[in-house]
Amino acid sequence: MQHPSLNGELIDLRAGDYEARIATAGATLVHLRRQGRDLVIPFDAETALPGAWQGKTLVPWPNRIADSHYTYRGVDYPVPCNEPETGAALHGLVGWTSFAVAEPEAAGAATPEAAEAVTLVLSLPASYAYPWALEVAVRYALDAGTGLTVTTTTTNAGAAVSPAAGIVGAPLEDGIPAPAPYGVSCHPYLTRSVPLDECVLQVPADRVLDVDAHMAPAGERDVTGSDWDWRAGRLVGSTATDNAYTGLPAGAWQVRLTGGEGEHSVVISAAAPWVQVYSGEHLGRRGVAVEPMTCPPNAFNTGQDLVTLAAGESHTFIWRLWEED
């Protein structure tokens, strides 16, 4: 079922015991439930905006660009600041942009009211802040056994060169526009519908990225012996975190949040080198944001783990979310 809202078109998906709602604004996960239990903190997309980037797709960078400015291959790019308290450019350029709906994909046990999968597409034009055009496709797919799989595929559709002195464009290398700098993430808030303090969190990361007062990276360190060591799984209690973690297992790793009635676990999995974990103070600590990232904060300036896409080249990012009994 599709219908309009303040957050664009809303698309309902269903497979077995799972149901999800997707909004076209920002290719956003509005809610995900299994047997009526919330796996992510939901919001009412018909009457309100999501809080603290709930469920958004983050392209072409995740997290922050410090000071809302980056230098790439010798060219300086100012980026609009959307986090005044830190002075940063946060979470990319598509979070509030309307994606188009490709036809919902009915399959298996889908009902007439709800499909099992949908693909949202967006053409992001080049701009002064980011002079590369991108084609972005985000596919949400529910499966009765494996839960939710989200696949984001982004293609560099070309670069804008500077038309005149003083007007920014893509850097030129031997007369050819440089590849597009790129990163991608997502922003679900895992929940067990009880206060986060009462839940057990497990994050298999060996290292944490410290930040300064403006949330800019201030150096990595080992988590051993600190409040940021979640590897064995432990009660969250009063611990607060809004940090990027790395030193993750090779391949697809898993983060678990366990608690609430029945002590079920909600699990998110991805094969990304970084994950941001935020204890959700802006949402009353009702859950924890777990954001698999292809690069760390401020990667557009540091270059660390930054993906580059030549013209016509594509990148695919996959993450999964499900509940374990």
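About the cut-offs
- Residues numbered from 1 in each chain as written.
- Predicted model: local features only at pLDDT ≥ 70, side-chain atom pairs only at ≥ 80, totals over all residues.
- Heavy atoms only, no water.
- Pairing = 2+ DSSP bridges.
- Helix = DSSP H or I, 4+ residues; strand = E, 2+ residues; numbered from the N terminus.
- Core = buried A, V, L, I, M, F, W, Y, C linked by side-chain atoms within 4.5 Å.
- Buried < 20%, exposed > 50% of the residue type's maximum accessible area, 1.4 Å probe, protein only.
- Contact = heavy atoms within 4.5 Å.
- Salt bridge = Lys/Arg side-chain N within 4 Å of Asp/Glu carboxyl O.
- Phe/Tyr/Trp six-rings, centres within 6.5 Å; stacked < 30°, edge-to-face > 60°.

Draft legend 1. Structural view of the sheet that holds strand S13 (residues 132-143). One open sheet holds the nine strands; their spatial order is S11-S12-S13-S14-S30-S26-S25-S20-S23, and the pairing between them is antiparallel. The sheet is open, and its two edges are formed by strand S11 (100-101) and strand S23 (234-235), each paired on a single side. Here strand S12 (residues 117-124) pairs with S13 via eight bridges, running antiparallel. Counted as the bridge partner of Leu120 is Val138 from S13.

Draft legend 2. Representation of the nonpolar core. Ranked by size, the top nonpolar core spans 76 residues in total, and within it Leu29, Leu32, Trp319 and Leu321 carry the most contacts. If one sorts the elements of this core by residue count, S13 sits on top with six residues. Setting aside residues up to four positions removed in sequence, Leu32 forms contacts with Tyr18, Glu19, Ala20, Arg37, Asp38, Leu39, Val40, Leu142, Leu148 and Leu321.

Draft legend 3. Inspection of the pattern of salt bridges at higher detail. Under the criterion given, the structure shown has 17 salt bridges. Its salt-bridge partner being Arg14, residue Glu19 comes within 3.7 Å of it at the nearest N-O pair. By relative accessible area, Arg14 is classed as partly exposed at 35%. For Arg207, the salt bridge is made with Glu220, and the minimal N-O distance between the two is 3.0 Å.

Draft legend 4. Expanded view of the pairing of strand S14 (residues 147-159). Sheet topology note: the S13/S14 ladder contains 12 bridges and is antiparallel. Paired with Asp143 across the bridge in S14 is Gly147. The loop that links S13 with its antiparallel partner S14 comprises three residues.

Draft legend 5. Geometry of unusual backbone geometry. Geometrically, the link from Val59 to Pro60 is a cis peptide bond, its omega value of 5° lying close to zero. Among the structural elements, Pro60 can be located in the loop between strand S6 (57-58) and strand S7 (64-65). With a phi close to 55°, Asp305 is a non-glycine residue in the positive phi region. One can find Asp305 in the loop between helix H1 (299-302) and strand S29 (307-309).

Draft legend 6. Local environment of the environment of Val290. Within the element layout of this structure, Val290 appears in strand S28 (residues 288-293). For the pair Val290 and Ile268, spaced 22 residues apart in sequence, the C-alpha separation works out to 7.8 Å. Once residues lying within four places of it in the same chain are set aside, the contact partners of Val290 are Pro188, Leu190, Val255, Ile268, Val275 and Gln276.

Draft legend 7. Quick look at the packing of aromatic side chains. A complete count under the given rule lists nine aromatic pairs for this structure. Where Tyr70 meets Phe300, the ring centres are 5.0 Å apart and the plane angle is 75°; that geometry is what we call edge-to-face. With Tyr70 in strand S8 (residues 69-72) and Phe300 in helix H1, the pair connects residues that are 230 residues apart, well separated along the chain. Assessed through its relative accessible area of 0%, Tyr70 is described here as buried. Counting every residue linked through ring pairs, the aromatic cluster contains Trp61, Tyr70, Tyr72, Tyr77, Tyr130, Trp132 and Phe300.

Draft legend 8. The side chain of Thr294, seen in detail. Secondary-structure assignment places Thr294 in the loop between S28 and H1. Look at Thr294 and you get buried, because its relative accessible area is 10%. When neighbours within four sequence positions are excluded, Thr294 is seen to be in contact with Gly183, Val184, Ala272, Pro273, Trp274, Asp305, His315 and Phe317.

Draft legend 9. How the structure looks around the environment of Phe43. Within the element layout of this structure, Phe43 appears in the loop between strand S5 (37-38) and S6. Relative accessible area serves as the criterion here: at 11%, Phe43 is assigned to the buried category. The contacts of Phe43, once residues within four sequence positions are left out, are Asn7, Thr28, Leu29, Val30, Ala48, Leu49, Pro50 and Gln54.

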